[in-house]
Every structure is written in structure tokens, then in C-alpha cells.
Amino acid sequence: MTPLPPAPTAAVTVVGLGADGWAGLPDASRSALREAEVLIGGPRQLDLLPPECTGRRVAWPSPLRPAVPGLLAAHADRRIAVLASGDPMFYGIGRALAEETGALRVLPHPSSVSYAAARLGWPLEDVEVVTLVGRPTARLAAALHDGRRLLVLSADATTPGEVAALLRDRGFGPSRMRVLEQLGGDRERTTDEVTADDWPASQPPGDPLNIVAVECRRSPDALRLGAVPGLPDEAYEHDGQLTKRHIRAATLGVLAPAPGELLWDIGGGSGSIAVEWMRTHPSCRAVTVERDPARAERISRNADRLGVPGLRVVTGAAPAVLAELPPPDAVFVGGGLTVPGLLDACWEALPGGGRLVANTVTLESEALLADAHRRRGGELVRLAVAHAVPVGGFTGWRQAMPVTQWAVRKTPDTSSGADR
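- In the annotation of an unreviewed UniProt entry, the entry for the protein chain reads Precorrin-6Y C 5,15-methyltransferase, and the organism field reads Streptomyces chartreusis NRRL 3882.

### Thoughts on the side chain of T159
Point 1. Relative to the helices and strands, T159 resides in helix α6 (residues 159-169).
Point 2. For T159, a relative accessible area of 2% translates into the label buried.
Point 3. When near neighbours in sequence (up to four residues on either side) are disregarded, T159 contacts L132 and S154.

### Here we look at helix α9 (residues 293-305)
Three- or four-residue spacings in an α-helix give side chains the same orientation, since the helix completes a turn every 3.6 residues.
Point 1. Look at α9: 19 Å from first C-alpha to last across 13 residues, which is about the 18 Å you get at 1.5 Å a residue.
Point 2. Within α9, burial applies to A296, R298, I299, N302 and A303. Across the axial projection of α9, the buried residues extend over an arc of 160°, all falling on one side. α9 presents P293 and E297 as exposed residues on the side facing more than 90 degrees away from its buried surface.
Point 3. Each element contacted by the buried residues of α9 is listed here: α8 (272-279), β13 (285-290) and β14 (312-315).
Point 4. Structurally, the start of α9 carries an N-cap: the backbone nitrogen of A294 is 2.8 Å from a side-chain oxygen of D292.
Point 5. The first or second residue beyond α9 is G307, which carries a positive phi of 90°.

### As for the nonpolar core
Point 1. Formed by 24 residues in total, the largest nonpolar core has its most connected members in I266, L322, V333 and L356.
Point 2. When residues of this core are traced back to their parent elements, those giving at least two are β12 (262-266), β13, β15 (330-333), α10 (342-349), β16 (355-360), α11 (363-376) and β20 (403-409).
Point 3. When residues of this core are assigned to their parent elements, the largest contribution, four residues, is made by α10.
Point 4. Every residue in contact with L322, bar those within four places of it in the chain, is listed here: W264, I266, V289, L342, A345 and C346.
Point 5. In terms of nonpolar packing, the next biggest core, distinct from the first, is built from 23 residues, L231, L252, L263 and W277 among them.

### Overview of the UniProt feature "domain: Tetrapyrrole methylase" (unreviewed entry) in the protein chain
Point 1. Following the UniProt record, one finds the feature "domain: Tetrapyrrole methylase" (unreviewed entry) at residues 12-191.
Point 2. As a span, residues 12-191 carries 27% helix and 23% strand, and end to end its C-alpha atoms are 38 Å apart.

### As for the environment of W406
Point 1. By the element assignment, W406 lies in strand β20.
Point 2. Look at W406 and you get buried, because its relative accessible area is 1%.
Point 3. For the pair W406 and G377, spaced 29 residues apart in sequence, the C-alpha separation works out to 9.3 Å.
Point 4. In this structure, W406 is in contact with L343, L356, V357, A358, L369, A372, H373, R376, G377, G378, E379 and L380, ignoring residues within four places of it in sequence.
Point 5. Within the structure, W406 has its side chain in polar contact with the backbone oxygen of G377 (distance 2.8 Å).

### Remarks on the packing of α10 against α11
Point 1. Running from amino to carboxyl end, α10 crosses α11 at an angle of 35°, the nearest separation of the two axes being 11 Å. The handedness of the crossing between α10 and α11 comes out as right-handed. For the pair α10 and α11, the contacting residues are L343, D344 and W347 in the first and L369, A372, R375 and R376 in the second.
Point 2. A breakdown of the residues in the contact of α10 with α11 according to their chemical character gives four nonpolar, no polar and three charged.

### Considerations on the environment of L322
Point 1. Assignment of secondary structure puts L322 in the loop between β14 and β15.
Point 2. Along the primary structure L322 and P259 are separated by 63 residues, whereas in three dimensions their C-alpha atoms are 23 Å apart.

### Focus: unusual backbone geometry
Point 1. Here S62 and P63 are connected by a cis peptide whose omega angle stands at 5°.
Point 2. Note on placement: P63 falls in the loop between β3 (56-59) and α3 (68-74).
Point 3. Across the junction of A318 and P319, the peptide omega takes the value 10°, indicating a cis bond.
Point 4. Residue position: P319 is located in the loop between β14 and β15.
Point 5. Even without a glycine there, the phi angle at Y91 is positive, about 55°.
Point 6. With respect to the helices and strands, Y91 occurs in the loop between β4 (80-85) and α4 (94-100).
Point 7. Non-glycine residue A256 carries a positive phi angle of around 55°.

Parameters and conventions
Residues numbered from 1 in each chain as written. Predicted model: local features only at pLDDT ≥ 70, side-chain atom pairs only at ≥ 80, totals over all residues. Heavy atoms only, no water. Helix = DSSP H or I, 4+ residues; strand = E, 2+ residues; numbered from the N terminus. Buried < 20%, exposed > 50% of the residue type's maximum accessible area, 1.4 Å probe, protein only. Contact = heavy atoms within 4.5 Å. Expected span 1.5 Å × (residues − 1). Arc of directions from axis to C-beta. Polar contact = N/O pair within 3.5 Å; in protein donor to acceptor, adjacent residues only side chain to side chain. Core = buried A, V, L, I, M, F, W, Y, C linked by side-chain atoms within 4.5 Å. UniProt positions renumbered as here; feature names shortened; annotations may be inferred. Axes fitted to C-alpha atoms, helices over the stretch in contact; angles between N-to-C directions. Left-handed = near helix turned anticlockwise from the far one by under 90°. Nonpolar A, V, L, I, M, F, W, Y, C, P; charged D, E, K, R; others polar.

This is how it looks when you write it as C-alpha cells:
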């Protein structure tokens, strides 16, 4: 049997630290820090090291992420140890370092999430973790579901108050909150349980190193938002340009979002398709193109309210602005089908395996979709929805405008854009 080759020597060692500092480190982590010629970390982390760690101490600049390649290159010929909070590979610096170097040794410490779950008696597999470090508080809204438990990684001492305010604003004021500070350290503290409604606006900020535990409780009068596409139309601010709930659910079903994929939403209107694409998984991304500035601003407000503030809104006319966008995994065209060259530009932008879905209610656009279906295949369907309404003293059906939908997948042998 041929023996395996020896593992390559790591150019960078990442050492996880807890609030207990040097005292809480195992021997392997201590040895790595003693032997390092360069020690990189935040000022707080560097201050936790004893004098026996003699390497040159370098504090991370701000912003941190763009500085990573330069710092590694500047010390490439020396033994580097990078200090991280808790587990470096869990919302930590480990990800950025792994993207920059193929030789990475990671020595983790229990994360604040592990400590919090242990203190609260919450099984981690039943808890959703949301980080607000370097991210807008609005992204928490997508995780709010009645009965769910959340652990929120705080950016600083002001985060608990911001979380309480968002819970109240989104109809989750009865949710129960606790703040756990300096987990694992000598100054560890857990606040008394209090509802978001009762969170005092005058409460002074506590320790900046904290995590917020939330047990979600929805107010009885708050709009219920599910975890699948097809949110109530009332969830959106709109001026009538809204893909209605049942059509929206059917459209997202055909678009079939998967983790990490990027959607182009052309003719965004209220942004409902892009918003619900992104709500399917935290790693889903979307760009919505809307030529009307007022509607573009409205899309941003909807995205913020519904927990996907990362939705990119491009104000401009398609297809002119499409060349500036990153390649999509899927494209939805909800408006502007009659603009010359739009449908072809969307098709050309798709890679092999990409999906294109287009909806329309007009005869002129329907003719374009019928022609596209003839040339490129796919599926052409008509979606009709009727609602029961009062008719005098009785009840009858009121038919909404039928929607013609073309859905097609670009197979690899058509990735050049040629007609089939």
C-alpha cells in the first residue's frame, strides 16, 4: 500500500480565542502563538496574549476584508498566526483566509453560539443563527417565525436594542429576549428575560461582546409570513404593479431557486419575485432592474421590511443596463417584453442550465412568448385565478386577468444562444 504524502506545512495558523483569553487555550494553540513570528488580530485579541508571545503584533485595519491579501503578502516569508473570536470558520476570519491561501491550519475554540446554547439549554440543531456583524439589522426579519428560537450575533453593545426595535416593528413584540455577554469569560453575564415590547428604550448598552437570544412570538394581529413563496399581497408596498400571490408562488416554483444562485428580475415593479427568491435561502442573491425611480425606491423598502436588504436594485432600462450585471443563474421578465431585443439579451446572458421565465397579460407580449416557445422550446402555459365575491345575496367567481407564462431551461448545447 502506497503511503499518503505528508500534509503540506501551513503558511498561516488561525487560533480561536474565547473571552477567557490565554487561560482558555489548549496547548496546541498556545504553542502556535508562541512560535509565530507575526501575530495578526484585533486590538482586544492581541491584548489577551502574554509577553511570552514575542511575535510582531499587527492589528487589523478597517475595513478588514480588503486588507487580508496585502497583510499576508507582506509577511509571506514568516510564520503567521491570526487571532479569531471563537470558531474562526463560523462567521469568522477563517473564511477570508481560506479564500486567500491554500495552506491554512485552524485551531478552533468553542464559539459564542455553542456557549449560548449550553447556557440556555437549547439544542443547536433547533436554533437559527443570524449574524448582524457588518450586516444590516433588517436581515433578521427573514428569520422571524412564530415559535422559532434565534441566536443573534451582535455587532456591538447597541445591537440588542436594535433587535428589540425591529421585533416590535415587524409584529413580534411579544418575543422573549435575553442578552448573554462575555460568554466563557470571568465577566460572563446573562440578562433577565424580557419581551421586545417591554425592552426599555432608556436601558444603557451593556458589553459590546454579546449575543442575543430570541424566542419568537408573533402578535395576534400581525400579518403571518410563511417560509415558502406566495406571501400575502398585503406584505408589499405597491402601486398596483405587483405579481399577485398565486401567480407569484407558481412563478417561483418554476424559477426553482437553489442556494447560492443569482436571479435577474427584469421590470421589478414592487420587487416581489426577487424578494421571495432571496427569502428561500440566505445565500440566494438577486438583482432587480426597474426604470421608474419611485418604484425602485419602493422595491428597496420592501426588501428591507421583508428581511432581504441585500437585494440589489438597479434603476435603469433593460436591456441597456444588463451588460453591467453579473451572469445570472435564472432570469424573470415581468415587464418590458415588447422592448426590442430584451428577451434575446436575457437568453444570451444565461449560461447552460440557466432558466428563463416570462409572464405577461397582454396579447402583444403573448405573441412574443409564443414565438420564443416555437424557436427555443420550453413550456408555455396560461395561469388563471378566480376569487369568490359577493353577487347580491349570493357568491360568484370574479376572474383575474389570465397570465401567459413561458418557462425554458437553456441546455448546454444551446448555450451559444442559437435557436433549437
